[in-house]
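# Coordinates in review
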Amino acid sequence: MPVEVVPHDPGWPASFERVAIDLRAALEDVPTAVVEHVGSTSVPGLAAKPVLDIDVIVPGDDVPAAVAALEARGYVHRGDLGVAGREAFLAPDDDPRRHVYVCTAGSLNVRNHLAVRDVLRARPDLRDEYGAVKLALAADPAMDIDTYLARKSPVLQKVLTASDLTDDERLQILRLNDPTA
């Protein structure tokens, strides 16, 4: 299945906010929950796969309550999908298309998502370089998602070098995105 990357859509923040309002309502009994727009759709001007990435960040003790709250709202829990500290969900609808995760506060996964977003928002040069790589990779009709993730890893590592993540943490992220690294 080819990878689709499109130019930035200025409607993505409003779509996120609509979903976030619903998620916050679902999580009203989990007062520690913070809903964050992450991923490329959260960065103004950045080309992205047209799917919102949303992290629901909670302390570890509140993960079960957050999972239960999302399931009660119609989200389908898919487990961690091999990423420690992150529980993945299928949304109950595709309006908008989105990936929703319950993430343990302070985990490397959350710190990675927030670091990438924040660096790319602050550094238009890195945003544009990252976007160009993504568009070039997606232009290959034979591109699959695993190859896409691996081949954008060098520029992602460059972005993460501008963050507060350690060398070891960046290496862990590299190995997650490119198991051959």
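### Some details on the pattern of salt bridges
Under the counting rule described, the total for this entry stands at 12 salt bridges. Between Glu36 and Arg117 there is a salt bridge, and its shortest N-O distance comes to 2.7 Å. Of this pair, Glu36 sits in strand S1 (residues 34–38) while Arg117 sits in helix H3 (residues 108–122), placing them 81 residues apart in sequence. Assessed through its relative accessible area of 21%, Glu36 is described here as partly exposed. With a relative accessible area of 9%, Arg117 lands in the buried category. Among the ionic pairs, Asp128 bridges to Arg127, the shortest N-O distance being 2.9 Å. Looking at Asp128, the relative accessible area reads 43%, which means it is partly exposed. Through salt bridges that share partners, Glu36, Arg117 and Asp118 make up one connected network.

### Examining the packing of H3 against helix H7 (residues 167–177)
Axis separation between H3 and H7 bottoms out at 11 Å; the angle between their running directions is 90 degrees. Considered as vectors, H3 and H7 are oriented roughly perpendicular to each other. Here H3 contributes Leu108, Arg111 and Asn112 to the contact with H7, which in turn contributes Glu169, Gln172 and Ile173. Here the contact of H3 with H7 is composed, by residue class, of 2 nonpolar, 2 polar and 2 charged.

Rules behind the numbers
- Residues numbered from 1 in each chain as written.
- Predicted model: local features only at pLDDT ≥ 70, side-chain atom pairs only at ≥ 80, totals over all residues.
- Heavy atoms only, no water.
- Salt bridge = Lys/Arg side-chain N within 4 Å of Asp/Glu carboxyl O.
- Helix = DSSP H or I, 4+ residues; strand = E, 2+ residues; numbered from the N terminus.
- Buried < 20%, exposed > 50% of the residue type's maximum accessible area, 1.4 Å probe, protein only.
- Axes fitted to C-alpha atoms, helices over the stretch in contact; angles between N-to-C directions.
- Parallel < 35°, antiparallel > 145°, perpendicular 65-115°, else oblique.
- Contact = heavy atoms within 4.5 Å.
- Nonpolar A, V, L, I, M, F, W, Y, C, P; charged D, E, K, R; others polar.

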